[in-house]
Amino acid sequence: MDQTTQDSFGRQARGRDISLQATRFYALVDSTLREGEQFESGDFTATDKLEIARALSEFGVEYIKLTSPAASPGARSDCERIAGLGLASRIVAHIRCHAEDARIAAATGVGAISMAIGASPMLRRTSHGMAVRDLIARAIDVAGEIRQAAPKIELRFSAEDAFRCDAEQLLAIFLPLNETGLFDRFGLADTMGGATPLQVHEIVGLIARQTGRPIEFHGHNDTGCAVANTCTALDAGATHLNATVLGIGERNGIASLEGLVAALYARDPAATRAKYRLGRLAALSSLVAGKIKVDIPFNHCIVGRTAFTHKAGIHAKAVLKDPHSYELLDPAEFGRQRNVLFAHRLAGHNAIGARARQLGLQLDADTVRQVTNRAKMMADEGPLTSDEVDDMLLAAAKRRAHA
Ligand code: HCA
Ligand code: CU
């Protein structure tokens, strides 16, 4: 009865029967060099792509997805070059469901090919005009070509806009494709970013159970749910999770690698640490931010400026005693630093006392409280700087020495 179980976050839960499982097997499919190229300023040069691919591989993502080599002569030569680097990450070429694209991709030396085609009634009408029957026939033809050219290549078929299809429409596509045995994995894309976690759970679970195949999930972020949906897809049985550095992609992008890594780490720090070189994440984010000429959002998971900044007195007090009080993620693991703010009106004597110790000052509790009260009054009157608080602490220490 009072058993210790693990919840889906890998945490111990006492006395409750939680049926969700601990972290399952998964692989990260980074799409910075494919979906990310579709970001407003994601026009990577050949050198950018090589640099980013190397950094992704060093971080440890299992797959690096590239723009279709059929997109342009440059895309093709970059794809061949990256596939030839011998990186630890498997290189994936994304393609349309076109025989010519497939031929070009199969000849580049990539380890995997991902084909995607609009599945929803809306995209079938506006994107390619094919009926479901024709779409299935096309996917089988293209997959057949690929299997002939590269029998061992890892092959995925994905339904674009899967979450504006109902379950029957999706099964009508995936079940016949599954029977051909041509595909290693199926993909479900929330192309519009409008799916809810409950919907994702239901659809991913259904397609995983009905096909018995590994499932890849790709979630856009239009409603801010991309990371939550991707984690929910994992809980529902997805094995391959799409992300991009800083979440870049069409419109406002997809699940960010940083957000996903934060969520996976929060569930199971040891497993996440064992899979990825966490200390390299911040440099990877900065590298990509520099290439696309954007600032890293101040509040981004892990790499944002304020991700490890504590302010309120109550928080600061507990964090100074034990950082786990208000930190799920350990900044040191990610090469980041904790910042406990002390120059503001919400600061308490704990934060200001800690600052005094940082400055090497030994002040008694009463003195620290006096400085704290003065700092609060000053902050009420206008902006207070760290230097002003430091000056007050130094002055108090001097007075004490002369007393
Ligand atoms: C697009 C296609 C895609 C494909 C996702 C996938 C999408 O650019 O529109 O490979 O599963 O979001 O549907 O990125
Ligand atoms: Cu997409």
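Residues numbered from 1 in each chain as written. Chains lettered and ligands numbered in written order. Predicted model: local features only at pLDDT ≥ 70, side-chain atom pairs only at ≥ 80, totals over all residues.

Asks: Can you explain the nonpolar core? Please cite residues and give values.
Replies: Formed by 98 residues in total, the largest nonpolar core has its most connected members in Val 92, Ile 113, Ala 139, Val 204 and Leu 241. Per element, the largest residue contribution to this core is seven residues, and it comes from helix 9 (residues 257-267). Once you skip the residues sitting within four places of it in the chain, Val 204 turns out to touch Leu 188, Ile 215, Phe 217, Ala 233, Ala 236, Gly 237 and Ala 238. (Core = buried A, V, L, I, M, F, W, Y, C linked by C-beta atoms within 7 Å. Buried ≥ 20, exposed ≤ 12 C-beta atoms within 10 Å, placed from the backbone. Helix = DSSP H or I, 4+ residues; strand = E, 2+ residues; numbered from the N terminus. Contact = placed C-beta atoms within 7 Å.)

Asks: Describe helix 13 (residues 349-358), listing the residues and the values that go with them.
Replies: A large share of helix 13 lies buried, amounting to seven of its ten residues. Where helix 13 is concerned, the buried positions are His 349, Asn 350, Ala 351, Ile 352, Gly 353, Arg 355 and Ala 356. Those residues of helix 13 that are buried are in contact with helix 12 (313-321), strand 12 (339-340), helix 14 (365-381) and helix 15 (386-402). One or two positions beyond helix 13, positive phi appears at Gly 360, with a value near 80°.

Asks: Quick rundown of the site of ligand 1? Include the residues and the values.
Replies: Inspection of the region around ligand 1 gives Glu 35, Gln 38, Ser 114, Ala 116, Ser 158, Glu 160, Gly 187, Ala 189, Thr 191, His 218, His 220 and Glu 250 as its neighbouring residues. For the shell around ligand 1, the secondary-structure elements that each account for two or more residues are strand 6 (112-118), strand 7 (154-160) and strand 8 (185-190). Broken down by class, the residue content of the shell around ligand 1 amounts to two nonpolar, seven polar and three charged. (Near = placed C-beta within 6 Å. Nonpolar A, V, L, I, M, F, W, Y, C, P; charged D, E, K, R; others polar.)

Asks: I'd like a description of the domain arrangement of the chain, backed by residues and values.
Replies: Annotation of the chain at the domain level lists domain 1 (21-292) and domain 2 (309-402). The centre of domain 1, based on its C-alpha atoms, is set 46 Å off from the matching centre of domain 2. Between domain 1 and domain 2, the residue contacts involve eight residues of the former and six residues of the latter. Mapped by element, the contributors of at least two residues to the side of domain 1 that touches domain 2 are helix 9 and helix 11 (281-292). Sort the elements by how many residues they give to the side of domain 1 that touches domain 2 and helix 9 lands first, with three residues. Across the side of domain 1 that touches domain 2, the residue classes break down as six nonpolar, one polar and one charged. (Domains from an automatic or database assignment.)

Asks: I'd like a description of the sheet that holds strand 10 (residues 240-243), backed by residues and values.
Replies: Taken in spatial order, the eight strands of this closed barrel run 3-4-5-6-7-8-9-10, and their pairing is parallel. Geometrically, the sheet is characterised by an average inter-axis angle of 25° between neighbouring strands, direction not taken into account. Relative to strand 5 (residues 90-96), strand 4 (residues 63-66) runs parallel, the two sharing four bridges. Note that in strand 5 the partner of Lys 65 across the bridge is Val 92. Contacts between helix 5 (residues 132-149) and the sheet are confined to strand 6 and strand 7, with strand 6 contributing the most and set at about 165° to the helix. (Pairing = 2+ DSSP bridges. Axes fitted to C-alpha atoms, helices over the stretch in contact; angles between N-to-C directions.)

Asks: Account for the environment of Leu 287, with residues named and values stated.
Replies: As for its placement among the helices and strands, Leu 287 is situated in helix 11. Spatially, the C-alpha atoms of Leu 287 and Ala 55 are 8.6 Å apart, while their sequence positions differ by 232 residues. Sequence-distant contacts of Leu 287, defined by excluding residues within four places in its chain, comprise Glu 51, Ile 52 and Ala 55.

Asks: Now, about the pairing of strand 4: what can you tell me, with residues and values included?
Replies: Burial along strand 4 is two-sided: the face carrying Tyr 63 and Lys 65 and the face carrying Ile 64 and Leu 66 are both buried. For the crossover that starts at strand 3 (residues 27-33), traverses helix 1 (residues 46-59) and ends in the parallel strand 4, the hand is right-handed. In this view, the connection linking strand 4 to its parallel neighbour strand 5 by way of helix 2 (residues 73-83) has right-handed handedness. (Right-handed = clockwise from strand over helix to strand, strands pointing away.)

Asks: Tell me what's going on with the environment of Gly 111, and back it up with residues and numbers.
Replies: Along the chain, Gly 111 falls in the loop between helix 3 (99-106) and strand 6. The exposure class assigned to Gly 111 is partly exposed, which follows from the 17 C-beta atoms found within 10 Å. Measuring from C-alpha to C-alpha, the distance between Gly 111 and Val 92 comes to 6.1 Å, with 19 residues separating the pair along the chain. Look past the residues within four positions of Gly 111 in its chain and what remains in contact with it is Arg 90, Ile 91, Ile 153 and Glu 154.

Asks: Describe the confidence of the model for the chain, naming the residues involved and giving the relevant values.
Replies: When pLDDT is averaged along the chain, the result is 94, and 94% of the positions lie at 70 or above. Low pLDDT, under 50, characterises residues 1-21; the predicted model gives this stretch 26 contacts beyond four residues in sequence or across chains. (pLDDT = per-residue confidence, 0-100.)

Asks: Give me the lowdown on the pairing of strand 8, citing residues and values where you can.
Replies: In terms of burial, strand 8 is largely enclosed, as six of its six residues are buried. Alternating residues of strand 8 divide into Arg 185, Gly 187 and Ala 189 and Phe 186, Leu 188 and Asp 190, and every residue in both groups is buried. Across four bridges, the pairing between strand 7 and strand 8 is parallel. Bridge pairing in strand 8 places Arg 156 opposite Arg 185. Considered for its hand, the β-α-β crossover made up of strand 7, helix 6 (residues 167-180) and strand 8 is right-handed. Sheet topology note: the strand 8/strand 9 (residues 215-219) ladder contains five bridges and is parallel.

Asks: Tell me about the packing of helix 3 against helix 5, residues and numbers included.
Replies: Two elements in contact, helix 3 and helix 5, have axes separated by 9 Å at closest approach and are oriented at 20°. Between helix 3 and helix 5, the angle is such that the two are roughly parallel. Crossing angle aside, the handedness with which helix 3 passes helix 5 is right-handed. Residues Ala 99, Ala 102, Arg 103 and Ala 106 of helix 3 form the contact with helix 5, whose own contacting residues are Asp 141, Val 142, Glu 145, Ile 146 and Ala 149. A breakdown of the residues in the contact of helix 3 with helix 5 according to their chemical character gives six nonpolar, no polar and three charged. (Parallel < 35°, antiparallel > 145°, perpendicular 65-115°, else oblique. Left-handed = near helix turned anticlockwise from the far one by under 90°.)

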